[in-house]
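# Secondary and tertiary structure notes
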Amino acid sequence: RMLSTYRFTRKRASSIPSDRLASQNSLKDYVSALLDQGNANHASNFYVYSLTDQRDPETNKLLPVGPKRHLERASAFLRSLPVVGIVERFGESAAAFQDIISAELPGFRFPVVETNVTSPRHTTLETRLDHIRDELGDDLWQQLLARNAPDFELYRIAEQRLDSALARETAANG
């Protein structure tokens, strides 16, 4: 997510502070600056904080309930969905969504077209992560991993949800 956000915001090059931060800095300096800013940005549990309902109703700011509680609420939201999609498993995700939708709309086909892709998909996720680790250095890489442990747990839950949906589809279709 970090590399994709960095590349996207560099390309956009608007006057938004986070875009300027990306366009004026290396990936390493960009990540370091975001980590220094605290928890409400793309370098800190982006998915957990995007999916939690633990927000002030007037300001929509995160409530200070801690990452564990935000993870619990984001996980509950994921578990309430019939299926979730994962970017790295786009084709499988599309098939799972198609299965759910076609139950109500027979003949529905989910076209698999990748757009808004900032990193080549011919490389594995592990290769892309190795590249980022090399660019950030071990210390900053470890800080980024530690800060985003709740997001990694949410990703694991999303993978389980997708695997379950695909298993149901396989069982139903013989």
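Up top is the structure.
What this report covers is the structure whose coordinates are included nearby. Predicted, not measured: the structure shown is a model, and the values here were computed from it.

## Points about the packing of aromatic side chains
Remark: the centre distance and the inter-plane angle together describe each pair of aromatic rings, the angle taken between the planes. Applying the stated criterion to the full structure yields four aromatic pairs. Judged by centre distance (5.3 Å) and plane angle (80°), the rings of Phe 46 and Tyr 47 are edge-to-face. Residue Tyr 47 is classed as partly exposed on the basis of its relative accessible area of 39%. Ring-pair connections join several aromatic residues into one group, and the members of that group are Phe 97, Phe 108 and Phe 110.

## Here we look at the nonpolar core
One recurring pattern in soluble globular proteins is that nonpolar side chains are buried together. Of all hydrophobic cores here, the largest spans 16 residues; its most connected members are Met 2, Leu 27, Tyr 30, Val 31, Leu 136 and Leu 144. Taken together, the elements giving at least two residues each to this core come down to helix H1 (2-12), helix H2 (17-23), helix H3 (27-37), helix H7 (125-136) and helix H8 (138-147). In this view, Leu 27 contacts Leu 3, Tyr 6, Ile 132, Glu 135 and Leu 136; residues no more than four positions away in its chain are not counted.

## Focus on H8
Buried residues of H8: Leu 140, Trp 141 and Leu 144, and no others. Down the axis, H8 shows its buried residues gathered within 105° of arc, on one side only. The outward face of H8, more than 90 degrees from its buried face, is lined by the exposed residues Asp 138, Asp 139 and Ala 146. Check the buried side of H8 and you find it contacts H1, H3 and H7.

What counts as what
- Residues numbered from 1 in each chain as written.
- Predicted model: local features only at pLDDT ≥ 70, side-chain atom pairs only at ≥ 80, totals over all residues.
- Heavy atoms only, no water.
- Phe/Tyr/Trp six-rings, centres within 6.5 Å; stacked < 30°, edge-to-face > 60°.
- Buried < 20%, exposed > 50% of the residue type's maximum accessible area, 1.4 Å probe, protein only.
- Core = buried A, V, L, I, M, F, W, Y, C linked by side-chain atoms within 4.5 Å.
- Helix = DSSP H or I, 4+ residues; strand = E, 2+ residues; numbered from the N terminus.
- Contact = heavy atoms within 4.5 Å.
- Arc of directions from axis to C-beta.

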